[in-house]
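Overview (structure and organization)
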Amino acid sequence: MLGGDGDVPSYEEVIEVVEKRIFLGRLPEDVTEAELVDVCSEFGHVEEVRLLREKRVAFVSIETWAGCHSAVLTLHGRCRLSGHADGQTMHAKLAERKGKEKTSVRFARGMESSKLFIGGLQENATDHDLVNLMEPFGEIVEAKLGPARGRMRCGFVTFAIWG
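Note that this is a predicted model, so its numbers are computed, not measured. (Residues numbered from 1 in each chain as written. Predicted model: local features only at pLDDT ≥ 70, side-chain atom pairs only at ≥ 80, totals over all residues. Heavy atoms only, no water.)

As a further point, take the overall build of the protein. In terms of regular secondary structure, the protein is built from five helices and seven strands. The order of α-helices and β-strands along the protein, N terminus first, is α-β-α-β-β-α-β-α-β-α-β-β. Each of the 163 residues in the protein was classed as buried or not, and the buried ones make up 42%. Taking the contacts inside the protein whose residues are at least 6 apart along the sequence as the reference set, 61% of them involve residues at least 24 apart. (Helix = DSSP H or I, 4+ residues; strand = E, 2+ residues; numbered from the N terminus. Buried < 20%, exposed > 50% of the residue type's maximum accessible area, 1.4 Å probe, protein only. Contact = heavy atoms within 4.5 Å.)

As structure tokens, then:
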């Protein structure tokens, strides 16, 4: 199983089973490619829209993994388009690679956080120093330093959004 029992998966494990594009379902019958570009461009440059009108689904390629992930977290179950009935919302997930549907379930809706190892810190670094160092890169959920080893130490930072 990818990532082991509850372990954070590697980037390679994730891209093996999901694509850098999103699947959008439960779309209104009259949705247009332009409308989907407008909704998804909030998350980055939209590279391609493949609308399957008869199935009321679409695949949207966004330039970055972070953009795709943010789109899934923001749109799924929350986004209403002009043709949606009252209470109806769109369905969003990362597109699964063919033949990987069973192993991709864990990643299809994205992950709420991602833990990152930070090494080479000075032995007198504090948790606050670690937060200050890493906060330009995203919303930090948790930052913890390990014990000093020699003149260096390491820590872990958990970000709110994987990407």
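A word on the packing of aromatic side chains. Per the stated rule, a full pass over the model turns up two aromatic pairs. The ring of Phe 23 is capped by Lys 93, whose NZ or CZ atom sits 5.7 Å from the centre of that ring. (Phe/Tyr/Trp six-rings, centres within 6.5 Å; stacked < 30°, edge-to-face > 60°. Lys NZ or Arg CZ within 6 Å of the ring centre and 35° of its normal.)

With respect to the secondary-structure elements, Ala 148 resides in the loop between β6 (140-145) and β7 (152-159). You can call Ala 148 partly exposed: its relative accessible area is 40%. Residues in contact with Ala 148, not counting those within four places in the same chain, are Glu 123 and Arg 153.

Another point: the nonpolar core. Formed by 27 residues in total, the largest nonpolar core has its most connected members in Ile 22, Leu 24, Leu 27, Leu 36 and Leu 75. When residues of this core are traced back to their parent elements, those giving at least two are α1 (11-17), β1 (18-25), α2 (33-40), β2 (46-52), β3 (57-62), α3 (65-75) and β4 (91-96). Looking at this core element by element, the count peaks at five residues for α3. Counting residues in hydrophobic clusters, the runner-up holds nine residues, among them Ala 125, Leu 130, Met 134 and Ala 143. (Core = buried A, V, L, I, M, F, W, Y, C linked by side-chain atoms within 4.5 Å.)

This paragraph deals with the confidence of the model for the protein. Regions with low pLDDT should not have their predicted coordinates read in detail. Considering every residue of the protein, the mean pLDDT works out to 82; 83% of them sit at 70 or more. Confidence drops under a pLDDT of 50 for residues 1-5, and excluding neighbours within four residues, the segment shows ten contacts in the predicted structure. (pLDDT = per-residue confidence, 0-100.)

Residue position: Ser 61 is located in strand β3. In this view, Ser 61 contacts Lys 20, Arg 21, His 45, Val 46, Glu 47 and Glu 48; residues no more than four positions away in its chain are not counted.

Moving on to the pattern of salt bridges. Scanning the entire structure with this criterion turns up four salt bridges. Ionic pairing is found between Lys 144 and Glu 142, a salt bridge with its closest N-O pair at 3.9 Å. Exposure remark for Lys 144: the relative accessible area of 52% places this residue in the exposed category. (Salt bridge = Lys/Arg side-chain N within 4 Å of Asp/Glu carboxyl O.)

Once that is clear, we can look at the layout of surface pockets. Quantified by volume, the second largest pocket comes out at close to 180 Å³. Along its surface, the second largest pocket is lined by ten residues, and Arg 21, Phe 59, Ala 95, Glu 96 and Lys 98 are the ones closest to its centre. Elements with a minimum of two residues in the lining of the second largest pocket: β1 and β4. (1 Å grid on protein atoms, 1.4 Å probe; cavity = no way out; pocket = protein on both sides within 12 Å on 5 of 7 lines; lining within 4 Å. Points joined across faces, edges and corners; volume = space filled by probe spheres on them.)

Let us now look at the state of the cysteines. Among covalent bonds in proteins, the disulfide is the one between the sulfur atoms of two cysteines. Applying the stated criterion across every chain, the model contains zero disulfides. With no disulfide of its own, Cys 40 lies 7.9 Å from the sulfur of Cys 79, the closest cysteine sulfur. Overall, Cys 40 belongs to the buried group, its relative accessible area being 0%. Free of any disulfide, Cys 68 has its nearest cysteine sulfur in Cys 40, 9.0 Å distant. (Disulfide = S-S within 2.5 Å.)

What follows deals with the sheet that holds β4. Within the open sheet, the four strands sit side by side as β2-β3-β1-β4. Their pairing is antiparallel. The sheet is open, and its two borders are formed by β2 and β4, each paired with just one other strand. Direction aside, the axes of adjacent strands within the sheet are offset by 25° on average. Relative to β2, α2 is tilted by about 135°, and along the sheet it contacts β1, β2 and β3. (Pairing = 2+ DSSP bridges. Axes fitted to C-alpha atoms, helices over the stretch in contact; angles between N-to-C directions.)

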